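What follows is each chain in one-letter form.
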Amino acid sequence: MQVHRDIQHLPVFKNAVITIGTFDGVHTGHQKIIGQLKKEAAAVDGETVIITFHPHPRRVVREGQSPVAILTTLDEKIELLRQQGINHLVVVPFNEHFASQPAEEYVADFLVAKFNPHTIIIGYDHRFGKDRKGDYHLLEDCGKKLGFLVKEIPAQVLDDVTVSSTRIREALLKGDIDTANSCLGYDYHFEGLVVDGNKLGRTLGYPTANLHIEDADKLVPGNGIYAVETSIVNRQSSIVKRETSMGEKGKVKSEIGNRQFEPKESIGTITNRQYLGMMSIGVRPTIGVSERTIEVNIFDFDEDIYGQTLRVYFKKYLRPELKFNSLDELIAALDKDKEDTLSYFGC
């Protein structure tokens, strides 16, 4: 998949079959649209082109709209779309000037002039142009005049997209990881920079990596304790390779319990290994912290990773955040959380 960020220097597309949208989450509903896109392109020996926007249009045009909580950052969206086998992804800088184009101008000067589309696939409820006056029927009329076809995304597929997006966000905020991951078609994940914490976890026998989520719009699941898998991200687009040994200081043990883990691919990146752990999201009521924190305890892991980035995959919600009467009660709960996590992973 080729990613194009400069819309002034796009290639000449071959029989471009285009769809347009935010594709936040690239979930199972979106994947149906992508399947239709690929089918239409194959029928005309054409190339698939997805046009998306950054930042999210609702960050720019906010009137009457609620704040945005995104399921995927731009980099994550690119990784997920790459998996779908698309030929081209065009990332359009979205700003007030772009949003203010009259609908006919948007079609003629943007869609036709820059993409010369063979076919445009959109939903019946798609709106575009200044004051969102452009719609499916206007696009059909433009197609007849300017020489492209317009095909409709079935209403059922659009309903699936809308329902899935809403359902995923609601599920994540409630800690319903099973529902969210089922609708996404993959494990929900985020990346966070490892920053200094109060290091209390070390004294409890459960050292944690404290994470800072750099994209403030990224949706963080609801407070609670989760079973997770983690990888260390190399900003050169791959996961940092780690040698494995049984107990050598500075290296990661290759076995957790009696279960051996094979290397596997993460979405759009190369991984050496993913490590099991458990994550706490919340305000740590037992020790009286008011600021929300995100902490992950990586099992059998003793490396210094301050300043590095972790990718965390949410696997299972374990329990809500609770206030304990003593640190001994907290440690007992953490022992049980680890036991439940290992049991979930079959260890």
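On a predicted model such as this, the values are computed, not experimentally measured, just so you know.

1. Comments concerning helix α6 (residues 136–146)
Reasoning step 1: Buried within α6 are the following residues: Y136, L138, L139, C142 and G143. Axial view of α6: buried residues confined to an arc of 155°, hence all on one face. Those residues of α6 that are exposed and aimed more than 90 degrees away from the buried face are H137, K144 and K145.
Reasoning step 2: Where α6 starts, the residue carrying a side-chain oxygen 3.2 Å from the main-chain nitrogen of H137 turns out to be D135.
Reasoning step 3: Two residues or fewer after α6 comes G147, characterised by a positive phi angle close to 90°.

2. Notes on the packing of aromatic side chains
Reasoning step 1: What the rule picks out here adds up to 15 aromatic pairs.
Reasoning step 2: Ring plane angle 75° and centroid distance 5.2 Å describe the contact between F190 and F314, whose orientation is recorded as edge-to-face. Of this pair, F190 sits in strand β7 (residues 189–195) while F314 sits in strand β15 (residues 309–319), placing them 124 residues apart in sequence.
Reasoning step 3: Ring geometry for Y344 and F345: centres 5.0 Å apart, planes at 75°, overall edge-to-face.
Reasoning step 4: With relative accessibility at 8%, the residue F345 sits in the buried group.
Reasoning step 5: Following the ring pairs from residue to residue traces out a cluster consisting of F13, F53, F94, F98, Y106, F110, F115 and F128.
Reasoning step 6: The positively charged end of K338 is found above the aromatic ring belonging to F299, 4.9 Å away from the centroid.

3. Some points on the packing of helix α1 (residues 28–43) against helix α7 (residues 155–174)
Reasoning step 1: Direction vectors running N to C along α1 and α7 enclose 150°, while the axes themselves pass 7 Å from each other. In terms of orientation, α1 and α7 fall into the roughly antiparallel class. Contacts from T28, G29, H30, K32 and I33 in α1 reach V157, D160, V161, S164 and S165 in α7.

4. A word on the pattern of salt bridges
When the charged atoms of two side chains with opposite charge come close together, those side chains can pair.
Reasoning step 1: The tally for this structure, following the rule as stated, stands at ten salt bridges.
Reasoning step 2: Here D24 and R169 are joined by a salt bridge, their closest N and O atoms 2.5 Å apart. On the criterion of sequence distance, the pair formed by D24 in the loop between β2 (17–20) and α1 and R169 in helix α7 is long-range, its members being 145 residues apart.
Reasoning step 3: Counted as one network, the salt bridges with shared partners bring together E79, E191 and R311.

5. Observations concerning the confidence of the model for the protein chain
Reasoning step 1: Model confidence for the protein chain is summarised by a mean pLDDT of 84, while 86% of its residues fall at 70 or above.
Reasoning step 2: Confidence drops under pLDDT 50 across residues 236–271; counting only partners more than four residues distant or on other chains, this segment forms 84 contacts.

6. Some details on the packing of α7 against helix α8 (residues 177–184)
Reasoning step 1: Axis separation between α7 and α8 bottoms out at 8 Å; the angle between their running directions is 150°. In terms of orientation, α7 and α8 fall into the roughly antiparallel class. As for the relative orientation of α7 and α8, their crossing is left-handed in sense. From α7, R167, I168, A171 and L172 reach across to α8, where they touch I177, T179, A180, C183 and L184.
Reasoning step 2: Broken down by class, the residue content of the contact of α7 with α8 amounts to seven nonpolar, one polar and one charged.

Rules used throughout
Residues numbered from 1 in each chain as written. Predicted model: local features only at pLDDT ≥ 70, side-chain atom pairs only at ≥ 80, totals over all residues. Heavy atoms only, no water. Buried < 20%, exposed > 50% of the residue type's maximum accessible area, 1.4 Å probe, protein only. Helix = DSSP H or I, 4+ residues; strand = E, 2+ residues; numbered from the N terminus. Arc of directions from axis to C-beta. Polar contact = N/O pair within 3.5 Å; in protein donor to acceptor, adjacent residues only side chain to side chain. Phe/Tyr/Trp six-rings, centres within 6.5 Å; stacked < 30°, edge-to-face > 60°. Lys NZ or Arg CZ within 6 Å of the ring centre and 35° of its normal. Axes fitted to C-alpha atoms, helices over the stretch in contact; angles between N-to-C directions. Parallel < 35°, antiparallel > 145°, perpendicular 65-115°, else oblique. Contact = heavy atoms within 4.5 Å. Salt bridge = Lys/Arg side-chain N within 4 Å of Asp/Glu carboxyl O. pLDDT = per-residue confidence, 0-100. Left-handed = near helix turned anticlockwise from the far one by under 90°. Nonpolar A, V, L, I, M, F, W, Y, C, P; charged D, E, K, R; others polar.

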